[in-house]
Amino acid sequence: MYEKPILQVKHLQKQFGEGCPHCFDKESVYLEKNYCTVCGTVHAVRDVSFDLYPGEVLGIVGESGSGKSTMLQGLYFDSSMTSGAVYINQSELTGQNVLSLSSQQKRYIRNYIYGMVYQNPVDGLKMKFSSIGNIAEKMIAAGNRNVSNIEKRSKELLENVHIPLRRMKEEPQYFSGGMQQRVQIAKALSNNPPILFLDEVTTGLDLSVQASVLDLIKQIQRELHISMVVVSHDLAVIRMLADRSIVMLNGEVIENGLTDQILEDPQHEYTQQLVYSLL
Amino acid sequence: MTIVELNGFGKAFTIHHLNKTIPAVNNIQFSMDAGEFIGIIGKSGSGKSTILKSIYRTYLPDAGEIIYQSKQLGRIDLAQATEREMIFLRKNEIGYVSQFLNVMPRTTCRELVQNALLEMGETRETARTEAENALTHFEMDPALWDSYPNTFSGGEKLRLNIAMATVKKPRLLLLDEPTASLDQHSKIKVREMIEKLKQQGTTLVGIFHDIEFMEGLCDKVFDMKTNQMSLAFEGVLHEG
Ligand SMILES: Nc1ncnc2c1ncn2[C@@H]1O[C@H](COP(=O)(O)OP(=O)(O)OP(=O)(O)O)[C@@H](O)[C@H]1O
Ligand SMILES: Nc1ncnc2c1ncn2[C@@H]1O[C@H](COP(=O)(O)OP(=O)(O)O)[C@@H](O)[C@H]1O
Ligand SMILES: [Mg+2]
Ligand SMILES: [Mg+2]
Ligand SMILES: [Zn+2]
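Residues numbered from 1 in each chain as written. Chains lettered and ligands numbered in written order. Predicted model: local features only at pLDDT ≥ 70, side-chain atom pairs only at ≥ 80, totals over all residues. Heavy atoms only, no water.

This part covers the UniProt feature "domain: ABC transporter" (unreviewed entry) in chain A. Taking the UniProt record as the reference, the feature "domain: ABC transporter" (unreviewed entry) is found at residues 29-275 of chain A. In the segment residues 29-275 of chain A, helix accounts for 40% and strand for 22%; the C-alpha atoms at its two ends are 27 Å apart. (UniProt positions renumbered as here; feature names shortened; annotations may be inferred. Helix = DSSP H or I, 4+ residues; strand = E, 2+ residues; numbered from the N terminus.)

Written out as structure tokens, the structure is:
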């Protein structure tokens, strides 16, 4: 019950632009949402902190532009953060802010500890590689050399995400959006990552495909006990997947709590708007 | 042994865009012993659900204490417990059943009941047998076991809801009008289930608009008058 978080995120911040005295303060009248009208800086992520515990799904909700993807990209080292710290509870990394590690060490974390499913499949897949090739590439990066093992595992993963094996040699560019997302999930799982980031995995998919992707995620959590950060602007998705959630607005965390509490007894004015607009 | 105790408990809802605060309940004093079955009655809007949902922390309590004697965590104030503690207690000790079913889409009836057990750490085999036992007990037609509940009737949904909560053998079960919208036969099933849980030592708090139906089962009945809880009956409840 009283385990340590597997991932701790502290005061993460990311700004596009230099910033100026008029936008240091979050309450500044010169800010239009996350944009400083004086210097033109975009404060995409402002002081985001949270803990992720072993085996849990943490939901992150917020409107378009609230900084969800920017935050995940920072956590996954796709882009550098302006400031903040991230700690991973794995023996070889104890006490180290992983944001300030060398690029080689970051690559190690991406290959062995993290998995990522991008909002846009183009960012997560090589569209002109075969589906099985996409998975194999990730496994090779994680140090696998045995070709028959790689093939066996890739097939297993594709089957798990319900991609028919007869289509495994096809390039994802010819797949539907839902299939592309499922190949991304298979790829992200190939190195058995203890931590998985999922960015809007069901957005834009039709309802029955959405349901099967949600089901798959739930199954992964139950059976593999992977800790996940699930980003979505869709409260229904968060309700299905996450026991705990945080709500972001203009790069900040404005509310956190049990997911059903956020939905039934939202505290913040913005969360209330978000929830009531659904009813 | 006292298992739940509300001291000066209060809850108000602040609706920002209306600039309004709704005081749902205020200064509630109430306690119940392990193994008791407590009924709550009162007119609509009197705060019955607010109390149960605050114990389960679907609502965030804003005044007073909700002391719960946990088997695994010891004495804990649910009004102050961390989210992680609440999640733990919901998985292992405290159940909540309403007349609504909120479940994963495309998950079969059988899987839903099994998953409730798997998340408590039961083995696959145990989960499978206990799920089948529960579905059988609530007379869920085996033809429905492997179908998706979105097509179920109100009564079937409710029986599934109750099956999911009770397979976990919670120490404390909160029932928010579980029999609303049920036919007589299904209601009798619910009553039998409550009787059985009581025998197993489960503490139950239930809101019932037709409390007479629980005749002979409730140890105490509280009436939410003027948004306070007052003891209406104690001992065996008689009709009329
Ligand atoms: N490279 C960039 N340069 C300037 N601004 C950027 C850049 N990338 C993102 N932003 C800005 O940062 C803010 C957060 O963007 P982000 O993509 O993280 O939002 P999001 O919460 O993921 O939204 P959505 O739900 O639409 O995916 C936005 O205002 C966006 O315009
Ligand atoms: N989620 C909520 N948001 C705002 N007000 C609520 C909410 N839940 C209950 N209330 C208000 O609190 C009061 C008590 O409601 P409730 O506990 O549902 O009553 P009961 O279950 O006794 O019918 C009512 O005035 C109701 O409108
Ligand atoms: Mg995004
Ligand atoms: Mg009610
Ligand atoms: Zn500025």
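That shown, we press on.
Glancing now at the site of ligand 2. Residue and element names in this part refer to chain B. In the vicinity of ligand 2 lie 13 residues, with Gly45, Lys48, Ser49, Thr50 and Tyr59 positioned nearest. Here an oxygen atom of ligand 2 and a backbone polar atom of Ser46 are 3.2 Å apart. When ligand 2 sits alone it has 560 Å² of accessible area, and the protein chains cover 72% of it. A per-element tally of the shell around ligand 2 places helix α1 (residues 48-56) first, with three residues. (Near = heavy atom within 4 Å. Polar contact = N/O pair within 3.5 Å; in protein donor to acceptor, adjacent residues only side chain to side chain. Areas by Shrake-Rupley, 256 points an atom, 1.4 Å probe, with all protein chains shown as cover.)

Residue and element names in this part refer to chain A. Read from one edge of the open sheet, six strands run β7-β8-β9-β5-β10-β11, paired in mixed fashion. Of all the strands in the sheet, just β7 (114-117) and β11 (252-258) have a single pairing partner and so form its edges. The mean angle between the axes of side-by-side strands here comes to 15°, regardless of whether they run parallel or antiparallel. Relative to strand β8 (residues 195-199), β7 is paired through four bridges, and the arrangement is parallel. Opposite Tyr114, over in β8, you have Ile195 as the bridge partner. Relative to the sheet, helix α6 (residues 177-189) contacts β7 and β8, its axis offset from that of β7 by approximately 175°. (Pairing = 2+ DSSP bridges. Axes fitted to C-alpha atoms, helices over the stretch in contact; angles between N-to-C directions. Contact = heavy atoms within 4.5 Å.)

We now examine helix α4 (residues 124-137) of chain B. Residues and elements named next belong to chain B. In this model α4 runs 20 Å from its N-terminal to its C-terminal C-alpha over 14 residues, within 8% of the 20 Å that 1.5 Å per residue would give. Buried within α4 are the following residues: Ala127, Ala131, Ala134 and Leu135. Take α4 and look down its axis: the buried residues cluster within an arc of 95°, on one side only. Projecting away from the buried face of α4 at angles above 90 degrees are the exposed residues Glu125 and Asn133. Phi for Glu139, located one or two positions after α4, is positive at around 55°. (Expected span 1.5 Å × (residues − 1). Buried < 20%, exposed > 50% of the residue type's maximum accessible area, 1.4 Å probe, protein only. Arc of directions from axis to C-beta.)

Right, let's talk about the coordination of the magnesium ion (ligand 3) for a bit. Only Ser69 of chain A (OG) and Gln119 of chain A (OE1) from the protein coordinate the magnesium ion (ligand 3), and they sit 1.9 to 2.2 Å from it. Of this pair, Ser69 of chain A sits in helix α1 (residues 68-75) while Gln119 of chain A sits in the loop between β7 and α3 (121-124), placing them 50 residues apart in sequence. (Donors = N, O, S within 2.8 Å, 3.2 Å for Na, K, Ca; no water.)

A separate point is the pattern of salt bridges. Counted under the stated rule, the structure contains 29 salt bridges over all chains. As a salt-bridge pair, Lys155 of chain A and Glu151 of chain A come within 3.2 Å of each other at their nearest N and O atoms. With Lys155 of chain A and Glu151 of chain A both in helix α5 (residues 147-160) and four residues apart, this pair spans about one turn of that helix. On the basis of relative accessibility, which here comes to 35%, the residue Glu151 of chain A falls in the partly exposed class. Residue Glu156 of chain A pairs with Lys152 of chain A through a salt bridge whose shortest N-O separation is 4.0 Å. Of this pair, Glu156 of chain A and Lys152 of chain A both sit in helix α5, four residues apart, roughly one helical turn. Its relative accessible area of 36% is what places Glu156 of chain A among the partly exposed residues. With relative accessibility at 57%, the residue Lys152 of chain A sits in the exposed group. Among the charged side chains, a salt-bridge network with shared partners connects Glu3, Glu56 and Arg244 of chain A together with Glu83 and Arg84 of chain B. (Salt bridge = Lys/Arg side-chain N within 4 Å of Asp/Glu carboxyl O.)

Here we take up the coordination of the zinc ion (ligand 5). Residue and element names in this part refer to chain A. Distances from the zinc ion (ligand 5) to its protein donors, namely Cys20 (SG), Cys23 (SG), Cys36 (SG) and Cys39 (SG), fall within the range 2.2 to 2.4 Å. Taken together, the four donor atoms surrounding the zinc ion (ligand 5) define angles of 104 to 115° at the centre, an arrangement classified as tetrahedral. Spacing between the donor residues of the zinc ion (ligand 5) along their common chain follows C-x2-C-x12-C-x2-C. In this pair, Cys20 sits in the loop between β1 (7-16) and β2 (31-32) while Cys39 sits in the loop between β3 (35-36) and β4 (42-52), placing the two residues 19 residues apart along the sequence. (Tetrahedral: all angles 85-135°; square planar, octahedral: opposite > 155°, others 65-115°.)

Next up on the list: the packing of α6 of chain A against helix α7 (residues 207-224) of chain A. Residue and element names in this part refer to chain A. Running from N to C, α6 and α7 cross one another at 10°; their axes reach a closest spacing of 10 Å. Accordingly, the angle class assigned to the pair α6 and α7 is roughly parallel. Residues Gly178, Arg182, Ile185 and Leu189 of α6 pack against Val209, Val213, Leu216 and Ile220 of α7. The residue inventory of the contact of α6 with α7, partitioned by class, reads six nonpolar, one polar and one charged. (Parallel < 35°, antiparallel > 145°, perpendicular 65-115°, else oblique. Nonpolar A, V, L, I, M, F, W, Y, C, P; charged D, E, K, R; others polar.)

What follows covers the packing of helix α4 (residues 131-141) of chain A against α5 of chain A. Residues and elements named next belong to chain A. Relative to each other, α4 and α5 sit at 125°, their axes nearing to 9 Å. Taken together, the axes of α4 and α5 are oblique relative to one another. By crossing handedness, the relation of α4 to α5 is classed as right-handed. For the pair formed by α4 and α5, the contact residues are Ile132, Ile135, Ala136, Met139 and Ile140 on the first element and Ile150, Glu151, Arg153, Ser154, Lys155, Leu157 and Leu158 on the second. (Left-handed = near helix turned anticlockwise from the far one by under 90°.)

On to unusual backbone geometry, then. All names here are of chain A. Non-glycine residue Asp47 carries a positive phi angle of around 60°. Mapped onto the elements of the fold, Asp47 is located in strand β4. For Asp47, a relative accessible area of 34% gives the class partly exposed. Here His162, not a glycine, exhibits a phi torsion of approximately 60°, which is positive. Among the structural elements, His162 can be located in the loop between α5 and α6.

Attention shifts here to the site of ligand 1. Residues and elements named next belong to chain A. Near ligand 1 you find 14 residues, and of these Ser64, Gly65, Lys68, Ser69 and Thr70 are the closest. Note that an oxygen atom of ligand 1 is positioned 2.6 Å from one of the side-chain N or O atoms of Ser64. Where the shell around ligand 1 is concerned, the elements lending two or more residues are β4 and α1. In terms of residue count, α1 provides more of the shell around ligand 1 than any other element does, three residues in total. For the shell around ligand 1, a count of residues per class yields three nonpolar, eight polar and three charged.

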